[in-house]
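This is what each chain is made of:
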Amino acid sequence: MNHQLMLQGIGMTSQRTRTRLIQRLRDEGIKDDRVLDVIEATPRHLFLDEALAHRAYEDTALPIGHNQTLSQPYIVARMTELLLENAPRRVLELGTGSGYQTVVLAQLVSSVYSVERIKPLQDKAASRFKLLGLDNIRYRHADGGMGWPELAPFDGILVTAAPADIPRELLSQLSEGGRLVIPVGETSQELVVVTRRNGRFEEKIVEPVKFVPLLAGIIR
Ligand code: SAH
């Protein structure tokens, strides 16, 4: 892949903890080596406040402020693996958050478009994209519940906050053969994959998950 990280910043200790994380992801059933290699190379500690950075290579979700979380590495790996199955080039991500999932995606596909409703989170994420030298990410401060219609269609849409139901607008922004990976539900949630084939939408439930809710409106 052409989009490799310019900045690595791997110390000895963190290389060891990263190797352990990759082994754990394999044990949990992640099979795609491209995804595992990218997760191993991505400095997750840069996506956290300093006080939490020492926990960056644990397989756990961690707080990023504003009641939001950096997703667990397992779920990032799983969603990315599902999305890559149909070899997407242009991918829309809803819920930039820390920008970690965005950066993982940007190393695996041609272009990533990412929408975040909380401006301070987006600002921090944007500074990380710059620091890491990734130039194939476009981002937007908006309510992403409607997708990004001006730039549709997308070969892949990955949503990292859970709506109660699948937003129909997102389906219409998928290209033929395109795929939506999305957590759905309120008190209990499932990870759902929808693939557009011959104008029809094939839906598959993957596994139970726990995400923050997809919310309407923006925060400046
Ligand atoms: N992928 C992120 C996950 C962050 S949590 C990471 O690993 O860091 C989910 C994010 O979705 C939050 O930042 C939240 O503000 C954002 N979000 C929730 N509803 C949204 C909406 N309607 N449009 C855009 N972003 C939204």
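The structure we're discussing is the one just above.
Residues numbered from 1 in each chain as written. Predicted model: local features only at pLDDT ≥ 70, side-chain atom pairs only at ≥ 80, totals over all residues. Heavy atoms only, no water.

**Student:** What is the right way to look at the overall build of the chain in this model?
**Tutor:** Summing up its helical and strand segments, the chain has 6 helices and 9 strands in all. Taking 17 Å as the expected radius of gyration for a compact globule of 220 residues, we find that the chain reaches 16 Å, a close match to that expectation. Looking at the chain as a whole, 54% of its 220 residues are labelled buried. A separation of at least 24 residues holds for 57% of the contacts in the chain among residues at least 6 apart in sequence. Carbon together with sulfur atoms contributes 50% to the accessible area of the chain, which is approximately 10,500 Å² in total. Taking the average location of the 27 positive side-chain charges in the chain and that of its 27 negative ones, the two points are 3 Å from each other. (Helix = DSSP H or I, 4+ residues; strand = E, 2+ residues; numbered from the N terminus. Rg over C-alpha atoms; globule rule 2.2 N^0.38 Å. Buried < 20%, exposed > 50% of the residue type's maximum accessible area, 1.4 Å probe, protein only. Contact = heavy atoms within 4.5 Å. Areas by Shrake-Rupley, 256 points an atom, 1.4 Å probe, with all protein chains shown as cover. Lys, Arg positive; Asp, Glu negative; His and termini not counted. Charge placed at Lys NZ, Arg CZ, Asp CG, Glu CD.)

**Student:** Where do I start with the side chain of asparagine 136 in this structure?
**Tutor:** Within the element layout of this structure, asparagine 136 appears in the loop between helix 5 (119-131) and strand 5 (137-141). A polar side-chain atom of asparagine 136 sits 3.3 Å from the main-chain carbonyl oxygen of valine 109. (Polar contact = N/O pair within 3.5 Å; in protein donor to acceptor, adjacent residues only side chain to side chain.)

**Student:** Would you explain the sheet that holds strand 4 (residues 111-116) in this entry?
**Tutor:** Within a sheet, neighbouring strands are paired by backbone hydrogen bonds and run either parallel or antiparallel to one another. One open sheet holds the 7 strands; their spatial order is 5-4-3-6-7-8-9, and the pairing between them is mixed. Looking at which strands have only one partner, the edges of the open sheet turn out to be strand 5 and strand 9 (200-209). Pairwise comparison of adjacent strand axes, ignoring direction, gives a mean angle of 15 degrees for this sheet. Helix-sheet contacts for helix 5 involve strand 4 and strand 5, and the interaxial angle to strand 5 is about 165 degrees. (Pairing = 2+ DSSP bridges. Axes fitted to C-alpha atoms, helices over the stretch in contact; angles between N-to-C directions.)

**Student:** Could you clarify how one ought to interpret the environment of leucine 70 in this entry?
**Tutor:** Relative to the elements of secondary structure, leucine 70 occurs in strand 2 (residues 68-70). The exposure class assigned to leucine 70 is buried, which follows from its relative accessible area of 2%. For the pair leucine 70 and leucine 48, spaced 22 residues apart in sequence, the C-alpha to C-alpha distance is 8.1 Å. What leucine 70 contacts, discounting residues up to four positions off in sequence, is Arg44, Phe47, Leu48, Ala61, Leu62, Ile64, Ser98 and Tyr100.

**Student:** Explain the pairing of strand 1 (residues 62-65) to me, please; I cannot follow it from the model alone.
**Tutor:** On a regular strand, one side chain projects to one face of the sheet and the next to the other, so that they alternate. As paired elements, strand 1 and strand 2 share 3 bridges and run antiparallel to each other. Bridged to leucine 62 within strand 2 is leucine 70.

**Student:** Looking at this structure, how should I read the pattern of salt bridges?
**Tutor:** Any two side chains of opposite charge can pair if their charged atoms end up close together. Evaluated as defined, the whole model comprises 12 salt bridges. A salt bridge links arginine 26 to aspartate 33, with the shortest nitrogen-to-oxygen separation between them at 3.1 Å. Taking the relative accessible area as the measure of exposure, arginine 26 reaches 37% and is therefore partly exposed. Glutamate 58 serves as the salt-bridge partner of arginine 55, at 3.1 Å between the closest nitrogen and oxygen. Beyond isolated ion pairs, a larger network of salt bridges with shared partners links Arg24, Glu28 and Asp59. (Salt bridge = Lys/Arg side-chain N within 4 Å of Asp/Glu carboxyl O.)

**Student:** Honestly, the nonpolar core in this entry has me stumped. Any pointers?
**Tutor:** One recurring pattern in soluble globular proteins is that nonpolar side chains are buried together. One finds Leu25 and Ile39 to be the most contacted residues of the largest nonpolar core, which totals 47 residues. Mapped onto this core, the elements with two or more residues apiece are helix 1 (12-27), helix 2 (33-41), strand 1, helix 3 (73-84), helix 4 (100-106), helix 5 and strand 8 (189-197). Tallying contributions element by element places helix 3 first for this core, with 8 residues. When residues no more than four places from it in sequence are discounted, the contact partners of leucine 25 are Ile30, Leu36, Ile39, Asp59, Pro73, Tyr74 and Ala77. With 19 residues, the next largest nonpolar core counts Leu92, Trp148, Leu171 and Val192 among its residues. (Core = buried A, V, L, I, M, F, W, Y, C linked by side-chain atoms within 4.5 Å.)

**Student:** Is there a simple way to explain the environment of leucine 84 in this structure?
**Tutor:** Secondary-structure assignment places leucine 84 in helix 3. Here leucine 84 falls in the buried class, since its relative accessible area comes to 6%. With 112 residues separating them along the chain, leucine 84 and arginine 196 place their C-alpha atoms 15 Å apart. Those residues in contact with leucine 84 that sit more than four places away from it in its chain are Asp32, Arg34, Val35, Leu108 and Val109.

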